[in-house]
Amino acid sequence: MDPLLESHYETVLARNAGETEFHQAVAEVLESLGPVVRRHPEYLHHAVIERICEPERQLIFRVPWTDDNNQVQINRAFRVEFNSALGPFKGGLRFHPSVYLGIVKFLGFEQIFKNALTGLPIGGGKGGSDFDPKGRSDAEVMRFCQSLMTELYRHLGEYTDVPAGDIGVGGREIGYLFGQYKRITNRYESGVLTGKGLSYGGSQVRTEATGYGTVFFTEQMLATANSSLSGQRVIVSGSGNVAIYAAQKAAQLGAQVIACSDSSGYVVDEAGLDLDLLKQVKEVERARLTSYAEQRGSASYVPGGRVWDVACDVALPCATQNELDGDAAKVLVANGVRAVAEGANMPCTPDAVRVFQEAGVLFAPGKAANAGGVATSALEMQQNASRDSWSFEHTEARLHDIMVNLHEGCATAADEYGVPGNYVAGANIASFLRVADAMLAQGVV
């Protein structure tokens, strides 16, 4: 890290004790910005670094609700409204037992830059709760969502803060949240939540968007090396929404997607993943990957292993933060991986990123590669604002164009600041410049 920025990072550590994921996210950005602040000392003079690392607002509140046994349960919920220089706060809600303030701040900080890279007028924020929807009935999930929104609604609005889904928050949860918002406010404000059902203001491609966007970025990245996804062996981690649709789009572009994982192990299918079966197992039956292997003769299941041990040309980590460490990265490199793109938020540890970059592997950070989800959320907001509805083909074409332009912005920034081919630096620099210039224009606020 440039000495000009070290003191700022030390301040972040001191002011946000114990929030390790947030520390990691801040360090990853600041390590890229030395050349920027040396060329533009006005950013330091106007304390842009300090301001961009400090959320505009942090909300923490309890969520009381009653389970099906009539027992009162208490969860904790968060909303970090991080930066609105470019537009209303925009970012998902995550329901998972691991959620605490540090994770929400890491996600919100990443969201500032991810949203900036899309070129769309949206700021950065994030939220969530330590509530676990797994094993809960629809009625329990509804009561929890209604209780959460009863507090959160006062901080939301289509020009203020627009949440979406994330881990543990899908169409069911968004529906319950939107219904309660409408009930409390007496307004049909479609643009206040994204990821809605198609019958009440949702957007085509929103379900597929993060996975599709990751693959569109990967295809552009490979093109810089005169290659493509066609004929490549691809593995994905996870088997949720992002992983499934990344696999689907990669297959459509001619790749052979041979492996995916869940929390208990991974499955290898040398014939290529049967995506219809995978969707049935994961989206309908909500079963483990063992069920996929039992129904697919060409597949084998490896309990408790790492999907990164499977030899591949392209790896797409699509599960959760810090899932791919330095040791796993070394295995992938030894097995000949050519490109890695983060479909999840910060799934690669700093050691893993270093291994990939030193080996000359094309590496796309999540703030660039998985920006397709929030980009399509912004397209949903656009349709809601104009009372319009677009076709799947039109929306996918818009998403593709956004990801192509996003890739170009990252590559251009990396070239301009002397680190050609470094998408981590390029993404950080391009997004920081856009946000920082908007902050300077708007004064000390």
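Look a little higher up for the structure.
Residues numbered from 1 in each chain as written. Predicted model: local features only at pLDDT ≥ 70, side-chain atom pairs only at ≥ 80, totals over all residues. Heavy atoms only, no water.

Participant: Before we go on, may I ask you to explain the pattern of salt bridges in this structure?
Facilitator: When their charged atoms lie close together, side chains carrying opposite charge are able to pair. Applying the stated criterion across every chain yields a total of 25 salt bridges. Arg172 is paired through a salt bridge with Asp138; the nearest N and O atoms lie 2.8 Å apart. Here Asp138 lies in helix 7 (residues 138-152) and Arg172 lies in helix 8 (residues 171-185), a separation of 34 residues in the sequence. Relative accessible area serves as the criterion here: at 30%, Arg172 is assigned to the partly exposed category. Here Arg354 and Asp351 are joined by a salt bridge, their closest N and O atoms 2.7 Å apart. Here Arg354 and its partner Asp351 are both found in helix 14 (residues 350-358), 3 residues apart, which amounts to about one turn of the helix. For Asp351, a relative accessible area of 44% corresponds to the partly exposed category. (Salt bridge = Lys/Arg side-chain N within 4 Å of Asp/Glu carboxyl O. Helix = DSSP H or I, 4+ residues; strand = E, 2+ residues; numbered from the N terminus. Buried < 20%, exposed > 50% of the residue type's maximum accessible area, 1.4 Å probe, protein only.)

Participant: Just to check I follow, could you spell out the environment of Gly304 for this structure?
Facilitator: Relative to the helices and strands, Gly304 resides in the loop between strand 9 (299-303) and strand 10 (314-317). Among the residues examined, Gly304 registers a relative accessible area of 66% and is labelled exposed. Remark: the alpha-carbon pair of Gly304 and Ser263, spanning 41 residues in sequence, is separated by 8.0 Å. Among residues more than four places away in sequence, those in contact with Gly304 are Ser264 and Gly265. (Contact = heavy atoms within 4.5 Å.)

Participant: Quick question: what am I supposed to make of the pairing of strand 4 (residues 124-129) here?
Facilitator: Regular strands place their side chains on alternate faces of the sheet. Burial analysis of strand 4 places 6 of its 6 residues in the buried class, the great majority of the element. Every second residue of strand 4 is oriented toward a common face, with Gly124, Lys126 and Gly128 on one face and Gly125, Gly127 and Ser129 on the other, all of them buried. Of the strand pairs in this sheet, strand 2 (residues 72-83) and strand 4 are connected by 6 bridges, and their pairing is antiparallel. Of the residues in strand 4, the one forming a bridge with Ala77 is Ser129. Where strand 3 (residues 89-95) lies against strand 4, 3 bridges are found, and the strand directions are parallel. (Pairing = 2+ DSSP bridges.)

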